[in-house]
Amino acid sequence: MNKTRAIVVTLLCVCLLWAGCNDKETSSKPGELRVAVFGTTSELMLRTIAEEAFEHLTQTKVTFIGGTSRIHLQQMRNRKGSLPPFDVVLLDGIVQEIAAKEELLERASESSIPQMEHLLDQAQPRVAGGPAMYFYSVGILYNPKAFTKAGIEKPKSWGDFWNPKLKGHVAVPNIYHASGLDFVQAAASVAGKSRETLAGLKAGVDAIAQLEPALIYSAVEPLENALDEEQIWILPAYSYGAYKWIREGKDLAYVLPRERGFGHVTTINTVKNTSRSKLANKFINLVISQGFQYGLAIETPFGPVRDDVIEELSRFPKITERFPCGEEGFSKLYVPHWEELNKMRPSVEAYWFQKFPKK
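Just so we're clear, the structure is a prediction, and the values are computed from it rather than from any experiment.

For the protein, the helix and strand inventory stands at 16 helices and 10 strands. Against the globule reference of 21 Å for 359 residues, the protein gives a C-alpha radius of gyration of 21 Å, in line with a compact fold. With respect to the principal axes defined by its C-alpha atoms, the protein has extents near 65 × 45 × 35 Å. Here the protein holds 359 residues, and the buried ones make up 55% of them. In the protein, 74% of the contacts between residues at least 6 apart in sequence involve partners at least 24 apart.

The following block contains the structure:
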């Protein structure tokens, strides 16, 4: 274990003890806590705290179940009214809004999750569900070397995607990705239409079709290959994926456009009707504790949800440049009205697949 991780685990243990995660009620009943996660770096951090702290102090085995927000949502729908498929679930903020509306999540409170007291306002639950676990953004990822060779200035605006010199070198995420829906909204604005109406969003899809994207991707592997081979020079991207690649040494750069990027949260929720509700809340309490939030920010490109962590990290700009950080960082991001966007989403997706048929 490296020095950073050792410090983080020590802090986690302290936070667990403070939260009462080793009390008799939990430690005397060995069992299993099922946590539905994404296949991202955050899962590795969750595994670390589960294996090196939570499991030892609660005598509870943590089992991770991979998937996406959409998959997790459908699994909860299929089991509504009976024992759920998992006890804790990670959901994108926009999908959490749907799950809350369908009464699939427990309403979090400071009495059940005391560490919520220390969360930023933007991290507090917006609906009847759990708090934010971390922040991230969607902006522009590009290849500076390819831009220089082609005599193209570095991108500053969403409108720069429509530069004729980029024809054949643009990648676009599938509409099922949050970043795909974000880009439709951005394209609507570029087309001079409202990103808050169905007609405007359809105009955004039309504008993306005019790009004739070289790649419309759903999985990371084909995109990464195309980037490595310099077939793709520009795409809308999640900040965490962008900085992961940059950290690995890829010749890429990430920028938020002058019109603002898009702001996102991943939320962590206790699933309704779970028989492990108290343990689920203790796990969530740990995830938003100071120790875990420090570790998440240092080890990954995800933004912390606590003021006290942001205040300390503000002295390290090389770390904080990778994620939305504090009020200044949030001011550079646009967060749609998720409830209204979800109402239009099925129609937008249907229109998308008219323009870009499934293969």
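A separate point is a negative patch on the surface. A grouping of Asp 121, Asp 307, Glu 311 and Glu 327 is seen on the molecular surface, where their side chains present a negatively charged patch. Along the chain, Asp 307 turns up in helix H13 (residues 307-313). Asp 307 sits in the partly exposed class, given a relative accessible area of 48%.

Turning our eyes to something else, we now look at empty space enclosed by the protein. This structure, assessed with the given rule, holds one cavity of 30 Å³ or more. Approximately 50 Å³ is the volume attributed to the largest cavity. Every residue along the wall of the largest cavity is listed here: Ile 94, Ala 178, Leu 181, Asp 182, Gln 185, His 264, Pro 336, Trp 338, Leu 341 and Arg 345. Of all the elements in the fold, those that place two or more residues in the lining of the largest cavity are helix H7 (178-190) and helix H16 (338-355). Classifying every residue of the lining of the largest cavity gives six nonpolar, two polar and two charged.

Counting buried positions along helix H12 (residues 290-299) yields seven of 10 residues, so the element is predominantly enclosed. Every buried residue of H12 is accounted for by Gly 291, Phe 292, Gln 293, Tyr 294, Gly 295, Leu 296 and Ala 297.

All right, on to the layout of surface pockets then. As a volume, the second largest pocket reaches approximately 380 Å³. In terms of lining residues, the second largest pocket is bounded by 17 residues, among which Thr 320, Glu 321, Phe 323, Gly 329 and Lys 332 are the most central. Here the residues of the lining of the second largest pocket sort into nine nonpolar, four polar and four charged.

This part takes up the nonpolar core. Judged by nonpolar contacts, the single largest core of 97 residues is most densely connected at Leu 46, Met 76, Phe 283 and Trp 352. A total of eight residues in this core trace back to one element, the largest contributor, which is strand S4 (residues 132-142). Aside from chain neighbours lying at most four places away, what touches Trp 352 is Val 172, Pro 173, Asn 174, Ile 175, Val 184, Val 205, Ile 208 and Ile 216. Formed by 15 residues, the second largest nonpolar core is a distinct cluster that contains Ala 171, Ala 237, Leu 252 and Tyr 254.

The subject of this paragraph is the pairing of strand S9 (residues 261-270). S9 sits mainly inside the fold: 10 of its 10 residues count as buried. Bridge analysis of strand S3 (residues 88-92) against S9 gives five bridges, and the strand direction is antiparallel. Counterpart to Val 88 in the pairing with S9 is Thr 270. By the bridge criterion, six bridges tie S4 to S9 in an arrangement that is antiparallel. From the neighbouring strand, Val 138 faces S9, where its bridge partner is Phe 262. Direction of pairing for S9 relative to strand S10 (residues 333-334): parallel, over a ladder of two bridges. Its bridge partner lying in S10, Gly 261 is registered against Leu 333.

This brings us to the packing of helix H5 (residues 93-101) against H16. It is the contact of H5 with H16, at a shortest axis distance of 9 Å, that shows an interaxial angle of 85°. What the angle tells us is that H5 and H16 run roughly perpendicular. Residue-level inspection shows Gly 93, Ile 94, Glu 97, Ile 98 and Lys 101 of H5 in contact with H16, the latter providing Trp 338, Glu 339, Leu 341, Asn 342 and Arg 345. Of the residues belonging to the contact of H5 with H16, the class tally is four nonpolar, two polar and four charged.

Going through the model one piece at a time under the given rule, you end up with 16 salt bridges. Residues Glu 349 and Arg 70 are paired through a salt bridge, measuring 2.2 Å at the closest nitrogen-oxygen approach. Placement of Glu 349 in helix H16 and of Arg 70 in helix H4 (residues 69-78) is noted, with a sequence separation of 279 residues between them. Overall, Arg 70 belongs to the partly exposed group, its relative accessible area being 35%. Here Asp 308 and Arg 306 are joined by a salt bridge, their closest N and O atoms 2.8 Å apart. Judged by relative accessible area, which is 3%, Arg 306 ranks as buried.

So, about the environment of Gly 129. Looking at the element boundaries, Gly 129 is found in the loop between H5 and S4. Residue Gly 129 is classed as buried on the basis of its relative accessible area, which comes to 0%. Sequence separation between Gly 129 and Glu 103 is 26 residues, and the spatial gap between their C-alpha atoms is 9.0 Å. Excluding residues within four positions of it along the chain, Gly 129 makes contact with Gln 96, Leu 105, Glu 106, Arg 107, Ala 108 and Asn 269.

Turning next to the packing of aromatic side chains. Enumeration according to the criterion identifies 19 aromatic pairs in this entry. Ring geometry for Tyr 240 against Phe 302: centres 5.0 Å apart, planes inclined by 40°, an arrangement best described as tilted. A residue pair is termed long-range when its members are at least 10 positions apart, and Tyr 240 in helix H10 (residues 239-247) and Phe 302 in the loop between H12 and H13 qualify at 62 residues. Among the residues examined, Phe 302 registers a relative accessible area of 0% and is labelled buried. Within the aromatic cluster, the residues linked to one another by ring pairs are Trp 158, Phe 161, Trp 162, Phe 183, Phe 262 and Tyr 334.

Definitions and cut-offs
- Residues numbered from 1 in each chain as written.
- Predicted model: local features only at pLDDT ≥ 70, side-chain atom pairs only at ≥ 80, totals over all residues.
- Heavy atoms only, no water.
- Helix = DSSP H or I, 4+ residues; strand = E, 2+ residues; numbered from the N terminus.
- Rg over C-alpha atoms; globule rule 2.2 N^0.38 Å.
- Buried < 20%, exposed > 50% of the residue type's maximum accessible area, 1.4 Å probe, protein only.
- Contact = heavy atoms within 4.5 Å.
- Patch = residues over 30% accessible without salt bridge, like charges linked within 9 Å, V, L, I, M, F, W, Y side chains within 5 Å.
- Areas by Shrake-Rupley, 256 points an atom, 1.4 Å probe, with all protein chains shown as cover.
- Salt bridge = Lys/Arg side-chain N within 4 Å of Asp/Glu carboxyl O.
- Lys, Arg positive; Asp, Glu negative; His and termini not counted.
- Charge placed at Lys NZ, Arg CZ, Asp CG, Glu CD.
- 1 Å grid on protein atoms, 1.4 Å probe; cavity = no way out; pocket = protein on both sides within 12 Å on 5 of 7 lines; lining within 4 Å.
- Points joined across faces, edges and corners; volume = space filled by probe spheres on them.
- Nonpolar A, V, L, I, M, F, W, Y, C, P; charged D, E, K, R; others polar.
- Core = buried A, V, L, I, M, F, W, Y, C linked by side-chain atoms within 4.5 Å.
- Pairing = 2+ DSSP bridges.
- Axes fitted to C-alpha atoms, helices over the stretch in contact; angles between N-to-C directions.
- Parallel < 35°, antiparallel > 145°, perpendicular 65-115°, else oblique.
- Phe/Tyr/Trp six-rings, centres within 6.5 Å; stacked < 30°, edge-to-face > 60°.

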